[in-house]
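Each chain, written out:
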Amino acid sequence: MELFRALGTLIESPSAEHARAAAALGLPAVPVPAEHDRVVARQRYPYASVYLGAEGMMGGEVLDRIGGFRRALRTPGREADHLASLLGLLAALEPWRRDEPDPAGRALLGQARVTLVWEHLASWTGPYLATFEGCGAAFYEAWASLLGEALARLEHEMTFPDRLPAALRTAPGLGDPRRDGGAAFIAALLAPARSGMILLRDDLVRLGNEGGLVCRAGERRYVLNSFLAQDPGKTLEWLAGHSRRWRARVAAAGPAPIAKWWSRRAAATSRLLSELAAEARVPVTFAAPSP
């Protein structure tokens, strides 16, 4: 279980302690803080709420749910939905359960461990870890692969509920811009639980390069608005291809019911985007906003 604690710390900003942990795990050299900033801090935010929440942002109902789970265990802690915090709790639960003298208490802690993995880790780590594939940082590629393998081994040892995690069951769909408007559509595209895909800043740079579009500096929503104003058909076609690739990437990422949910959601997004691209008709609310 200490493996999970060590892997959790390694997604945080690099420190001297990280070098020792990485060497013990056989990982490449720990990157400099600037690389962590480029790869993780500015793009791959390690918070469950970003990937499970309807807004695609930190906080909200997902954080409240995880906070409630932790309060029930009397382990509140800061940044309750941060990956390092969740993996640290996972590492602590098994020895806690093993040392619990009361059989009923041991059973409850065993169930809490299953709940933690199913509801608050396996529900989003498959897609999250997939974003590190080909990220250009050897340390983080190896780290994601090792964590994915460790979680897969643990998941195979557990018996999970016969229903999806609550955040996935209640996640709203993408919506149609012809009905809901462009602003709501773009916001939903950037919320992984709604679109089924993760759209990084690096992906938008690639979109601009491949589509011959001007990639303006700014947050992702602003950049998407700018692309759609420049060439809606080309932008939507590229996004449809991105979501198709995501369908394949997440098809086996995590326990089968969860992986299937993510894959189906990405497929639905791809179908809608392809339809919009074919029509080459985008609501006027897609027009680029003022900087």
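Residues numbered from 1 in each chain as written. Predicted model: local features only at pLDDT ≥ 70, side-chain atom pairs only at ≥ 80, totals over all residues. Heavy atoms only, no water.

**A closer look at the packing of helix α1 (residues 2–9) against helix α9 (residues 138–157)**
Right, so step 1: Across the interface, α1 lies against α9 with an axial gap of 11 Å and an inter-helix angle of 150°. What the angle tells us is that α1 and α9 run roughly antiparallel. Two packed elements cross with a definite hand, and for α1 against α9 that hand is left-handed. Along its contact with α1, which presents Leu 3, Phe 4 and Leu 7, the element α9 presents Trp 143, Leu 146, Leu 147, Ala 150, Leu 151, Arg 153 and Leu 154.
Right, so step 2: Of the residues that constitute the contact of α1 with α9, the class distribution is nine nonpolar, no polar and one charged. (Axes fitted to C-alpha atoms, helices over the stretch in contact; angles between N-to-C directions. Helix = DSSP H or I, 4+ residues; strand = E, 2+ residues; numbered from the N terminus. Parallel < 35°, antiparallel > 145°, perpendicular 65-115°, else oblique. Left-handed = near helix turned anticlockwise from the far one by under 90°. Contact = heavy atoms within 4.5 Å. Nonpolar A, V, L, I, M, F, W, Y, C, P; charged D, E, K, R; others polar.)

**Let's talk about the layout of surface pockets**
Right, so step 1: Counted as a void, the largest pocket has a volume near 580 Å³.
Right, so step 2: Lining the largest pocket are 28 residues, with Arg 42, Gln 43, Tyr 45, Gly 56 and Arg 220 sitting closest to its centre.
Right, so step 3: Of all the secondary structure elements, the ones that give two or more residues to the lining of the largest pocket are α3 (33–41), α4 (48–52) and α15 (220–230).
Right, so step 4: Broken down by element, the lining of the largest pocket gets its largest block of residues, three residues, from α3.
Right, so step 5: The residue inventory of the lining of the largest pocket, partitioned by class, reads 16 nonpolar, five polar and seven charged.
Right, so step 6: When its volume is computed, the second largest pocket comes out at roughly 450 Å³.
Right, so step 7: Surrounding the second largest pocket, 22 residues form its lining, Gly 126, Gly 148, Ala 252, Ala 253 and Gly 254 being those nearest its centre.
Right, so step 8: Secondary-structure elements contributing two or more residues to the lining of the second largest pocket are α8 (122–130) and α9.
Right, so step 9: Of the residues forming the lining of the second largest pocket, the biggest block, eight residues, is contributed by α9. (1 Å grid on protein atoms, 1.4 Å probe; cavity = no way out; pocket = protein on both sides within 12 Å on 5 of 7 lines; lining within 4 Å. Points joined across faces, edges and corners; volume = space filled by probe spheres on them.)

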